[in-house]
Amino acid sequence: MTGRELLDQLEAQETRLVFDHFDEHTAWELGLALREAALAAGLPVAISVRRNGRRLFHAALPGSSADNDGWLARKCAVVDRYGRSSLRVGEQFRADGGSFDADSRLDPSLFSAHGGAFPILVRGTGCIGTVAVSGLPELEDHRLVVEVLEALLASRHGVRGLRDDPSTR
């Protein structure tokens, strides 16, 4: 897949994975769904769900480490700053011929544009928080978050709603 194809795919994900509302109960439901998916697959990840900078869910599964919490913080900082997935931000820098670490002018000890953090988007509002996973290679971290978001939103709106979304074609 080319950089442009990946960017198009990431943009389409952000267009379709949007909540009608997001509160503490939704955060718990999302975090728990991620935890259950990761446990079922035996994945050594840490999970974070935040809204407006407030941590609403956190889990550290067997095999994860304190280092994963640092990655969560840095990847979420990128989403907070750009309102886009951490993978999409990093890929945009690469597509433009640069490097996030070298060209963003942001401290790499505070910001990391590696996959695994995704914006929590609310219809009519925009980005209000982050959902993130750390512990796997960046594309796998991102894929886990997206798959769980897709399943959760499909269960809330019916699978028909996501399939009929033009951004998924």
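Here we summarise the structure given alongside this text. Just so you know, these numbers come straight off a predicted model, no measurement behind them. (Residues numbered from 1 in each chain as written. Predicted model: local features only at pLDDT ≥ 70, side-chain atom pairs only at ≥ 80, totals over all residues. Heavy atoms only, no water.)

Helices and strands together make up the secondary structure of the protein, namely seven helices and five strands. When the elements of the protein are put in sequence order from the N terminus, they spell out α-β-α-β-β-α-α-α-β-β-α-α. The C-alpha atoms of the protein give 15 Å as radius of gyration, which agrees with the globular expectation for 169 residues (15 Å, within 12%). With the C-alpha coordinates aligned to their principal axes, the bounding extent of the protein is approximately 40 × 35 × 30 Å. (Helix = DSSP H or I, 4+ residues; strand = E, 2+ residues; numbered from the N terminus. Rg over C-alpha atoms; globule rule 2.2 N^0.38 Å.)

Moving on to unusual backbone geometry. Within the chain, asparagine 52 stands out as a residue other than glycine whose phi angle is a positive 50°. Note on placement: asparagine 52 falls in the loop between β2 (46-51) and β3 (54-60). Look at arginine 105: it is not a glycine, yet its phi comes out positive at around 65°. As for its placement among the helices and strands, arginine 105 is situated in the loop between α5 (100-103) and β4 (117-122).

With that settled, consider the pattern of salt bridges. Overall, the coordinates contain 11 salt bridges when judged by the stated rule. Salt-bridge contacts for arginine 4 lead to aspartate 8; the nearest nitrogen and oxygen are separated by 2.9 Å. Highlighted residues: arginine 4 and aspartate 8, both in helix α1 (residues 3-16), separated by four residues, approximately one helical turn. What makes aspartate 8 partly exposed here is its relative accessible area of 39%. The partner of glutamate 150 in a salt bridge is arginine 16, with the nearest N and O atoms 2.2 Å apart. With glutamate 150 in helix α6 (residues 138-157) and arginine 16 in helix α1, this pair connects stretches of sequence that are 134 residues apart. Residues joined in a network through salt bridges with shared partners are Glu11, Glu14 and Arg88. (Salt bridge = Lys/Arg side-chain N within 4 Å of Asp/Glu carboxyl O. Buried < 20%, exposed > 50% of the residue type's maximum accessible area, 1.4 Å probe, protein only.)

Where helix α2 (residues 24-41) contacts α6, the two axes come as close as 10 Å, and the packing angle between them is 125°. In terms of orientation, α2 and α6 fall into the oblique class. The element α2 and its partner α6 pack so that their crossing is right-handed. In this structure, α2 contributes Thr26, Glu29, Leu30, Ala33, Leu34, Ala37 and Ala38 to the contact, and α6 contributes Leu144, Val145, Val148, Leu149, Leu152 and Arg156. By residue class, the composition of the contact of α2 with α6 is 10 nonpolar, one polar and two charged. (Axes fitted to C-alpha atoms, helices over the stretch in contact; angles between N-to-C directions. Parallel < 35°, antiparallel > 145°, perpendicular 65-115°, else oblique. Left-handed = near helix turned anticlockwise from the far one by under 90°. Contact = heavy atoms within 4.5 Å. Nonpolar A, V, L, I, M, F, W, Y, C, P; charged D, E, K, R; others polar.)

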